[in-house]
Amino acid sequence: MDTTEAGARELDRADPGYRDRFAIPPAEGGPYPETAYFAGNSLGLQPLAVRQELLEELDDWARLGVEGHLEARRPWLPYHALLAETAARLVGALPSETVVMNSLTVNLHLLMVSFYRPAGRRTRIVIEDSAFPSDSYAVRSQARFHGLDPDTTVVRLGTGQVLDYLAREGDTVALVLLGGVNYLTGELLDVPAITAAAHAAGAVAGWDLAHAAGNVPLHLHEWGADFAAWCSYKYLNAGPGAVAGVFVHQRHHGDPSLPRFEGWWSTEEATRFAMEPVSRPPSTVEAWQVSNPPILAMSPVRTSLRIFDTIGMDTLRARSLRLTGYLEALLDQTLADRAVTVLTPRDPQRRGCQLSLRVDDAGQVARRLRADHGVCADVRNPDVVRLAPVPLYSTYHDCWRAATALATVIGDRS
Ligand SMILES: *Cc1c(COP(=O)(O)O)cnc(C)c1O
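What counts, and at which threshold
- What you see as residue numbers is a count from 1 along each chain, following the sequence as written.
- Reporting of local features is limited, given that this is a predicted model, to residues whose pLDDT is at least 70; pairs of side-chain atoms are given and counted only at 80 or more, and all residues count toward the totals for whole chains, interfaces and linings.
- By convention in this description, side-chain values take in all heavy atoms of the structure and omit both hydrogens and water.
- Here a residue counts as near a molecule or strand whenever at least one of its heavy atoms sits within 4 Å of it.
- Any pair of nitrogen or oxygen atoms within 3.5 Å is treated as a polar contact; in protein, a donor-acceptor pairing is required on top of that, and neighbouring residues in sequence qualify only through side-chain atoms on both sides.
- Ten residues, namely Ala, Val, Leu, Ile, Met, Phe, Trp, Tyr, Cys and Pro, are considered nonpolar, four, namely Asp, Glu, Lys and Arg, are considered charged, and the remaining ones, Gly among them, are considered polar.
- For helices, the axis comes from a line fit to the C-alpha atoms of the stretch in contact; other axes are also lines fit to C-alpha atoms, and the angle between any two N-to-C directions lies between 0 and 180 degrees.
- Working definition: helices are DSSP H or I runs of at least four residues, strands are E runs of at least two. Numbering for both runs from the N terminus.
- Orientation categories follow fixed angle ranges, with anything under 35 degrees roughly parallel, anything over 145 roughly antiparallel, 65 to 115 roughly perpendicular, and all other angles oblique.
- For any pair of crossing helices, the crossing counts as left-handed if the nearer helix is rotated counterclockwise from the farther one by less than a right angle, and right-handed if it is rotated clockwise.
- Only heavy atoms matter for contacts: two residues are in contact if any of them lie within 4.5 Å across the pair.
- In this analysis, the expected span of each helix is defined as 1.5 Å times one less than the number of residues it contains.
- Exposure is judged per residue with a 1.4 Å probe applied to protein chains only, and the accessible area is read against the type maximum: over 50% gives exposed, under 20% gives buried, and values in between give partly exposed.
- Note: the arc covers the axis-to-C-beta directions of the helix.
- UniProt positions are given in the numbering used here, feature names are shortened, and annotations may be inferred rather than shown by experiment.
- Two strands make a pair as long as DSSP finds a minimum of two bridges between them.

A. A look at the site of the ligand. Near the ligand the following residues occur: Leu104, Thr105, Phe132, Asp135, Asp208, Ala210, His211, Tyr233 and Lys234. Here Thr105 contributes a side-chain N or O atom positioned 2.6 Å from an oxygen atom of the ligand. A distance of 2.6 Å is found between a nitrogen atom of the ligand and a side-chain nitrogen or oxygen belonging to Asp135. When grouped by side-chain class, the residues that make up the shell around the ligand number 4 nonpolar, 2 polar and 3 charged.

B. Representation of the packing of helix 5 (residues 104–115) against helix 6 (residues 133–145) in the model. Their axes nearest at 10 Å, the elements helix 5 and helix 6 cross at an angle of 30°. Relative to helix 6, the element helix 5 is oriented roughly parallel. Handedness of the crossing formed by helix 5 with helix 6: right-handed. When helix 5 is examined against helix 6, the residues Thr105, Leu108, His109 and Met112 are found in contact with a partner set consisting of Ser134, Asp135, Ala138, Val139, Ser141 and Gln142.

C. How the structure looks around helix 2 (residues 49–64). An ideal rise of 1.5 Å per residue puts 22 Å on 16 residues; helix 2 measures up with 23 Å between its terminal C-alpha atoms. When helix 2 is considered as a whole, its buried residues turn out to be Val50, Glu53, Glu56, Glu57, Asp60 and Leu64. One side of helix 2 carries all its buried residues, which in axial view fall inside an arc of 130°. Of the exposed residues in helix 2, those oriented more than 90 degrees away from the buried face are Arg51, Ala62 and Arg63. Once helix 2 ends, the next one or two residues include Gly65, with phi positive near 55°.

D. Structural context of the UniProt feature "binding site: pyridoxal 5'-phosphate" (unreviewed entry) in the protein chain. Feature annotation in UniProt places "binding site: pyridoxal 5'-phosphate" (unreviewed entry) on Leu104, Thr105, Phe132, Pro133, Ser134, Asp135, Asp208, His211, Tyr233, Trp264 and Asn292, given in this structure's numbering. For the annotated residues, spread through 189 residues, the largest C-alpha to C-alpha distance comes to 31.5 Å, inconsistent with a single compact locus. With respect to the helices, strands and loops of the structure, Ser134 is situated in helix 6. Classification of Ser134 as partly exposed rests on a relative accessible area of 22%. Here Thr105 takes part through its side chain, which lies 2.7 Å from a polar atom of the side chain of Ser134. Along the polypeptide, Asn292 turns up in the loop between strand 8 (245–248) and helix 11 (295–311). Under the relative-accessibility criterion, Asn292 is labelled partly exposed at 36%. In this structure Asn292 touches Trp264 and Trp265, once residues within four positions along its chain are discounted.

E. A look at the sheet that holds strand 2 (residues 98–100). Read from one edge of the open sheet, 7 strands run 2-8-7-6-5-3-4, paired in mixed fashion. Edge positions in the sheet fall to strand 2 and strand 4 (154–157), since each has one partner strand and no second. Between one strand and the next, the sheet's axes are offset by a mean angle of 20°, whatever the strand orientation. Pairing geometry for strand 2 and strand 8, over 3 bridges, is antiparallel. Of the residues in strand 8, the one forming a bridge with Val100 is Gly245.

F. Inspection of unusual backbone geometry at higher detail. Put simply, Asn381 and Pro382 share a cis peptide bond, and its omega is 5°. With respect to the helices and strands, the residue Pro382 is situated in the loop between strand 12 (378–380) and strand 13 (384–387). The backbone of Asn102 sits at a positive phi, close to 55°, despite the residue not being glycine. Residue placement: Asn102 occurs in the loop between strand 2 and helix 5. Positioned with a positive phi, Met275 is a non-glycine residue whose angle comes to about 55°. Mapped onto the elements, Met275 comes out in the loop between strand 8 and helix 11. For Met275, a relative accessible area of 62% puts it in the exposed group.

So this is what it looks like as structure tokens:
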């Protein structure tokens, strides 16, 4: 493999990606003007189109006031429906199965109201032992809400132990709630196999796709997942705290036995303004909506989803495999003799675009990468540095810079 800087530039000419559609932060340090940005798994970069489309919403509000609900160029009342098709294609669902609303952890709670229903012996919630803290707090608080002891109700397993556990103890499991791609290691789980095993055990299969949506192709409808939720500010590039997404499988739509928390956006659109005291929920995922959509926050999500939709997740995944493979090969060469291990699976089919490195004093490593080399990486203290080459805007030259800079920073210490 050609590991030179010229080699990286050549690869960029042959496989340029979509960088010109994004605002790339200027570098703090190092010889290059732009940051080599590897933190798209934490906060994605801003699509240039966001500003214009957001300004259009502001203009409509200024021009129309309340009439914008019906007369804005994109009317606000049914605004969420403008995002349903692109969100559905992103996660492999029907438009009636996806809705953009709230934030991720709030959505997990709303979904657990319907899909975590402990009964008899079947009370446990299975999560991964390296679950994101918010998910862990959410399921523990759900256990307490049902009067259960979170220490015995929530079972934390290694990702390799889940299938065994379901085969052995499946009749005690009410809900399996796992990250499709683990936030720390970047491991991509076998979503269809685990979903099938959960169902075979009589449990519900829910997925947190915070690190999977916009990173790997998903087929939630076909895989039969019961529900899923994801945020829109990581790979989806819709801005800090962006409005999140939800999937509920069609087979649960219109089921009157499922409890749900409702508000005026849970009722069918046709009679929403009849101002009746009792709701009439539609037989779609929209029944899980509660409030009217925050237009100024939905606008960047709409812009972002359209970018994914026009390029296509399969095209992005193909470029992702090339870029991540290139970064991995560079790291293997430049870090061969150093005290660095890769936590992420080596099989490209078992990971997304993130490589997690275990390295002493990760915080110090990341600070030097940024200040001295203009490389932005993400740290999970004490000893993990995460690098995510994002197929939309990362380049081979970014990967070359990261590998070269890491070798320098870690080499200087030893
Ligand atoms: C990023 C992330 C969250 C964040 O939750 P918010 O509700 O968006 O603040 C939760 N869970 C996982 C797995 C994440 O990766």
